[in-house]
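This is what each chain is made of:
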Amino acid sequence: MSLYFDCAINSGGASGNIHVSTSWHTTHALLAVGSYSEEKGGYVSVYTDDGEAADGIDIPAHPTAQVTCISWHPSKKMLAIGWENGELFLYSDHNNTCVEVPTIHNASVILLEWSQAGSRLISGDSAGSVVGWTIDRSNQLNTIFHHELKDPLSQVIFRNASNPAGAMDINGLARAAVAGDERALDLFSSWRPKTGKRGGFGGENLRENLNFYVGSMSGVIYYLNENGSCMEVLQADGAIRSLLYHELGEILVVVTESLVVGQFRVEPDGSLVEMSKVKMSSRSADCSITWAGKGLLAITTGELSVRLWNLDTGDNFVLTGTTGAAGHSEFISSLCFCTPKSTLAAGTNLGNILMWKHHDINTGDTSSQEGNWTPEPLARVGLAVKHLSWGSNYNLLGVNTVREVFILREHQISAHYNDNISAVQTSPTNISVHLDDQMSLLTADIQVRGIFVTIDTVTVWNGHRVIVYDILHETNRFLSQGAFNVECETLVVYEKSVYTLENMKINIRTFQGTIKQSLNLSENEGFGISLDIHSAFLICATLNGCIRMWDLSRREAKSHSHPKYLSEHITDFGEVISAKCNHNATKVSILIAQSSLIPDPKLYIWDVENDVILYFNFASGKNDQDDSCSVPPNSARSERGNDYQTKFGKVDISGRVAVNHSWDVEEPRLLIVEAKLVPGTDRADIRSQMQASPRNLNQDTQSTTVVVSLFVLEDDGVVVHDSTAITDDFVKLLAMNVPHYYLLRNPNDSHDTLIEKKMLRDFSGLEMTDKKTKDAIVNFSMFLCIGNMDEAFKAIKTIKSEHVWENMARMCVKTKRLDVAAICLGNMGHAAGARAVRKAIKSKEEPDVQAAILAVHLNMLDEAEQLLAGCGRYDLLNKLYQDSGQWNKALDVCENNDRIHLRNTYYNYAKHLEAMGDLPSAVPMYERSETYRFEVPRMLFDDVQMLESYVTKTEDPAIKRWWAQYMESTGEMETALHFYTMAKDYLSLVRVYCYCDNLEKAAEIASQTGDRAACYHLARQYENIDNISEAIHFFTRAQAYSNAIRICKEQGYDEQMWNLALLAAPGEQLDAARYFETTERPQYDKAVILYEKAGYLGKALDLAFATNQHNALQFISGTLDSNTDPVLLNKTADFFLQGGQFDRAVEMYAASKNYPKALELCVNHNISVTEEMAEKLTIPKGEGTEEERLAALDKIAEACFLQGNYHLATKKWTQAGMRHKAMKALLKSGDTEKIVFFANVSREQEIYVLAANYLQSLDWRNNPEIMKHIINFYTKGKAPKLLGGFYEACAQVEIDEYQNYDKALGALTEAYRCLDKAGDQMRLDELKDNMENIKEFVDIQAQYENSAAAAIDRCKEFLNSGSFIMVRKGDVYGFMIEHFAKNNQFKPAYAMIEDMKNKIPNVNVAYYINLQTIRGVEQALNVQIIGGGADYEQDDDEDEIVDETDRYN
């Protein structure tokens, strides 16, 4: 928790000053203030972080001009100052001079901007002049370009440039590291890296972009490159208010005076491309705009709120502040965002400073989420804020109110506890001191930055001055004992001396500041950065990682041990954060930062006596003995320790960083540590170590801060004793004094005391204990942690206090040592508990269950609940909740984890409610337990009215039936009938109506409902009164067929009995079959069917054969299959064969597996073979020989082939492996798709050839796919002659149908290649002549493109030669005629047509010559070439063009 202390700059007592502008140096804590007064005119002053004028910096005033802008060089102590008269001054600490720079500005200089590394300065004035300056080695400014834009300027911004690795000094590296993980460093109360003292600055190595943009009041944006070339890149809608560069890329954000926000992509040449444009709203025209994160824009609204707008996602939200000011006159006038701290500061017109801090708990950027912003404490300066600016080390905020300039310094709240006295800072000067159980207020004479208390004194300091106050215990007041000035950041007090850490030495002073002794540090040890005292031992940590200790118990301080250099023992060591020793200085606990200056998650322990360094890693929750086979049972790395943490409120400590630590006042082995989760960061330094822990939980489920107590033991190392989560109400851990530890509360929260005293868990209930008991409990706890129960028991065996024994028994719950617990319970006199523990031990239950039983008897219900839930014994947890009266929790456990006991739990809850007298609430519980049918009537039986009301309201038929039975027993038949009807109990309705002799109503109900029981009861009534037909009817409705058949036999109702027998069970069917067989008039067909239905198939067949019941046998045969006795099947088949029913006989022979006989019948009698029959006739594998099976398949296929079932024949021949026969059958089917598929699957040459031969019979000319298959199959079938013949056919088709000699030549070429493989020389010679003939004509056609006349001459020679083999004369004539017609030489064309008619008898002219060409010749010469007959029926449209490009290639 931090506060902001303000101090006004010391302007030398001058009044009437007007402070125009302020500027912080980026690397030094220097604030430049530009001011104006009547006496001095314009002047610039430089102040340190405490508000005092900086020594050695003297900038002369300007009596006639006012300062308009100031700007620090980014690395050097060099300040550029612009004046309203156009002058430009440059101050440099090189020789402490301020010189005027010759400039050409004639108007007020309003813009001064240094480049990122400071090699370039840009100045601009109100008249539109822009000047670029470069700085030489002598720190002089030289002009490199100048532009007169004639446009008042408003903004200037350089383009972004990324820094190369290693471009910063160590101090810069510290800031860079902190910038990325400032949130991690914020976990610490006051530490920040001090490593910057080791080196200088290397900013000259920064890479910078010297190109920049300038915005003007007319809305024009200019782009100037590093050479000074200028171009106009944008004309905005209004004056430019602000230019901002997006951090994530080359994006320029432009804000105009009308609050139009535009995003523009920056091209390499500096031009801008618009990406988006949005109009913002604000009540005030003079609003403030700044970045507030990556892509997050903060804009004031003219009220006491800030609107944040995410430019990347378009999301926006409002942060609203409260200052306590009445009315709505207060508004935010200035904004400033500190990126490393993620803090947005806002100043108001009433002098209040509001702050919001962004907490990113995830690794991603969630700055656009409103919930991640939390308000910080309010600061007040009392005057209207004009401008805010963050300082170089991020804990300084400059506030310009025009009349005054304030520096707000962030300060962590100082607090200290010692000797049962605590002191907490509540304001810059007020300290709340808690002594003798009373609070007293100490008002210091300085702004306090540190506090140290002893039994008699309170010492405060501010880094420059120390004041010691005596405590007057009688009056609880304070008296100043002494004060002195000293430059120190930390000090301690022991007895009557003040120990101040001053760089390379520790001075021991009196309360008045007199130095009594000096403890010097060597150069190897370095500057002292940490100082602490415990008991009589002083410990100091240095910048170089050295630990020094002194014994103060003597007259003079003496060295207690040799110096310890941590860098020799700790890898990746960077800097010591804090170091503290225990009571006897045998152990030293140390927190360090790594070389990257990121806090190390390990807590290191220096064992002084053994000179070894141990550690406990809070990132993984493990100590340095991870590889040891002996794991202390309660350590964070043991399984038992894990269970302990999760089951007893002991929170997970992994994934954290230790931020505070303190040894116990007296116990040298006990150490307490405050550890916090690390907020989201992109750096892997700490995060990677956390992720390495397999037990690391999601941070959302972990407590932010935990307090962990540790035992540091020589043999077992660092062992976890206990861990407790603390809420956000607490700021930090202060100290530990067994049995308590002390926490600092948030001063902004309302509490009676700012120091909270917490009891260690092991001492719960033992607040007032003597030292002997306290030591015994500490030893007991320590031995429990390392698993040494024998020594643990010895440590407490002499204790007689019942409270102590009870506390020990409670600790046994945590350790699950029931043997020790039994002894503790015996010493407590807890007989029932001791008996239960012994019984639990004998039960062999798992340890968690046994410990839970002990916890119950100790009234530790929460621990018992956690134990049972942790081991998954939800049945016992449910019982625990029931026994403790937590019925809602019990039901919840049953619903989610123990559903097997859900009904039982509802039942027990109902019994509980019934016992409590809450009968209405018990009813739904009985219903949910599904015991209400008995329990609710029982419970309500004494209250008939309530019971009747429940019965009326319920929808359960069982309850209504019970009530109807009750009413029937009391003689209220009408009521009984009503409720029987509501319960749909038709049997009871029929029974009651029969009892009342209302058989008609009973028959109506039985007929309508069909209730079997009701029908049976009514049938018995009708039988009793000899109403046979009705009795048979209702027996049938009741499916009581035996009764109905019995009556039919008695009455001779044969036909009705036959119908009933078909519906009856096998027993009744057998009885009926015997009746039909043996009756006086036998009905053998019915008897046969009934015997078969009753399961007596042999009897049925014998009777059918004996009595020649063909129809019945036909019916029975449909139920026969291969599972039937083969003898019966063959017998049935023979019977069908004799009767001429050959198809049925085949089925029977097939079922009996007499396949030869069945096949013989199929062939001899031409019985149609279906697929189903073919499968039946196929001999399964494993039956008979393979030869018999293949012969049967061949015979089946032959039969199918003869019957024209080619597909089935193909299938059977394929199963028989006779692929050639299968292919021939498939060819007969004409199924092209299956033929192609079968050929590809068979992969046999002959089959490929057969398939190709078949495909040639199809229309392959118009189907490229078929042509492709033909070529493919002939190729795979290795039939080059056939393939060559096919290619010849293709060539002929190209000539005859398409007149495409070029493709014909290609086909013949392929044919030649194939025949060449076959070696058919005769055909090759013939083919060669054909190719030469076609090639000559193709060459003529090709020549025509270049020389038409020569081609025509060659055509004439070709015609005269008479060498026509495959080339058709008509095509040659047509080629020449088309040429003459195209060139309008119609007479030669006509002559050529006439010649063609003479040379080619009966020629179809239109076949060779385009019809349009013929018509053109006719019209030109007025002749008739062809008549109006068939030639005119030629399609006048263009021929369909088929793409044959790849037909042969």
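For the structure itself, look to the data block above.
Rules and cut-offs
- Residues numbered from 1 in each chain as written.
- Predicted model: local features only at pLDDT ≥ 70, side-chain atom pairs only at ≥ 80, totals over all residues.
- Heavy atoms only, no water.
- Pairing = 2+ DSSP bridges.
- Helix = DSSP H or I, 4+ residues; strand = E, 2+ residues; numbered from the N terminus.
- Axes fitted to C-alpha atoms, helices over the stretch in contact; angles between N-to-C directions.
- Buried < 20%, exposed > 50% of the residue type's maximum accessible area, 1.4 Å probe, protein only.
- Parallel < 35°, antiparallel > 145°, perpendicular 65-115°, else oblique.
- Left-handed = near helix turned anticlockwise from the far one by under 90°.
- Contact = heavy atoms within 4.5 Å.
- Nonpolar A, V, L, I, M, F, W, Y, C, P; charged D, E, K, R; others polar.
- Arc of directions from axis to C-beta.
- Phe/Tyr/Trp six-rings, centres within 6.5 Å; stacked < 30°, edge-to-face > 60°.
- Lys NZ or Arg CZ within 6 Å of the ring centre and 35° of its normal.

Student: Teacher, can you tell me more about the sheet that holds strand S21 (residues 289-291) here?
Tutor: Pairing between the strands of a sheet is mediated by backbone hydrogen bonds and can be parallel or antiparallel. The four strands lie next to each other as S21-S22-S23-S24, forming an open sheet whose pairing is antiparallel. Every interior strand has two partners, whereas the edge strands, S21 and strand S24 (316-320), have only one. Strand-to-strand twist of the sheet, defined as the mean angle between neighbouring strand axes without regard to direction, takes the value 25°. By the bridge criterion, five bridges tie strand S23 (residues 305-310) to S24 in an arrangement that is antiparallel. Paired with Trp309 across the bridge in S24 is Asn316.

Student: What is the right way to look at the pairing of strand S27 (residues 352-358) in this model?
Tutor: Remember that side chains alternate between the two faces of the sheet whenever the strand is regular. In terms of burial, S27 is largely enclosed, as seven of its seven residues are buried. Of the two faces of S27, the one lined by Asn352, Leu354, Trp356 and His358 and the one lined by Ile353, Met355 and Lys357 are each fully buried. With five bridges connecting them, strand S26 (residues 343-348) and S27 associate as antiparallel partners. The residue bridging Leu344 from the neighbouring strand is Trp356, located in S27. Across two bridges, the pairing between S27 and strand S29 (residues 379-380) is antiparallel. The residue bridging Ile353 from the neighbouring strand is Ala379, located in S29. Pairing of S27 with strand S28 (residues 373-375) involves three bridges; the strand directions are antiparallel.

Student: Could you clarify how one ought to interpret the packing of helix H9 (residues 847-857) against helix H10 (residues 861-870) in this entry?
Tutor: Each pair of packed helices can be summarised by the angle the axes make with each other and by the distance between the axes. Running from N to C, H9 and H10 cross one another at 165°; their axes reach a closest spacing of 8 Å. It follows that H9 is roughly antiparallel to H10 by the angle criterion. Both H9 and H10 take part in a crossing whose hand is left-handed. From H9, Asp848, Val849, Ala851, Ala852, Ala855 and Val856 reach across to H10, where they touch Leu861, Glu863, Ala864, Leu867 and Leu868. Looking at the contact of H9 with H10, its residues break down into nine nonpolar, no polar and two charged.

Student: Explanation requested: the pairing of strand S35 (residues 430-435) in the structure shown.
Tutor: With four bridges connecting them, strand S34 (residues 421-425) and S35 associate as antiparallel partners. Note that in S35 the partner of Ser422 across the bridge is His434. Looking at chain direction, S35 and strand S36 (residues 438-443) are connected through six bridges and run antiparallel. The partner of His434 across the bridge, within S36, is Met439.

Student: Quick question: what am I supposed to make of helix H36 (residues 1232-1242) here?
Tutor: Structurally, the α-helix is built with 3.6 residues per turn, so residues lying three or four positions apart point the same way. Taken together, the buried positions of H36 are occupied by Ile1235, Val1236, Phe1238, Ala1239 and Ser1242. The buried side chains of H36 occupy one side of the element, clustering within an arc of 165° when seen end-on. Those residues of H36 that are exposed and aimed more than 90 degrees away from the buried face are Glu1233 and Phe1237. Arg1243 sits one or two residues past H36 and shows a positive phi near 60°.

Student: Just checking my understanding: could you explain the packing of aromatic side chains for this structure?
Tutor: Aromatic ring pairs are reported here in terms of the distance separating the ring centres and the angle at which the planes meet. All told, the structure shown has 17 aromatic pairs when counted by the stated rule. Where Tyr213 meets Tyr223, the ring centres are 4.9 Å apart and the plane angle is 45°; that geometry is what we call tilted. Here Tyr213, found in strand S14 (residues 212-216), pairs with Tyr223, found in strand S15 (residues 220-224); they are ten residues apart in sequence, far enough to count as distant. Exposure remark for Tyr223: the relative accessible area of 6% places this residue in the buried category. Between Tyr907 and Tyr926 the ring centres are 5.8 Å apart and the planes differ by 65°, which places this aromatic pair in the edge-to-face class. Of this pair, Tyr907 sits in helix H13 (residues 902-915) while Tyr926 sits in helix H14 (residues 919-928), and the two are 19 residues apart along the sequence. Linked through ring pairs, Phe941, Trp962, Trp963 and Tyr966 together constitute an aromatic cluster. Positioned above the aromatic ring of Tyr43, the side-chain terminus of Lys40 is 3.8 Å from the ring centre. Directly above the aromatic system of Tyr615 lies the positively charged group of Lys602, at a separation of 5.7 Å from the ring centroid.

Scope: geometric values only; no functional claims are made or implied.
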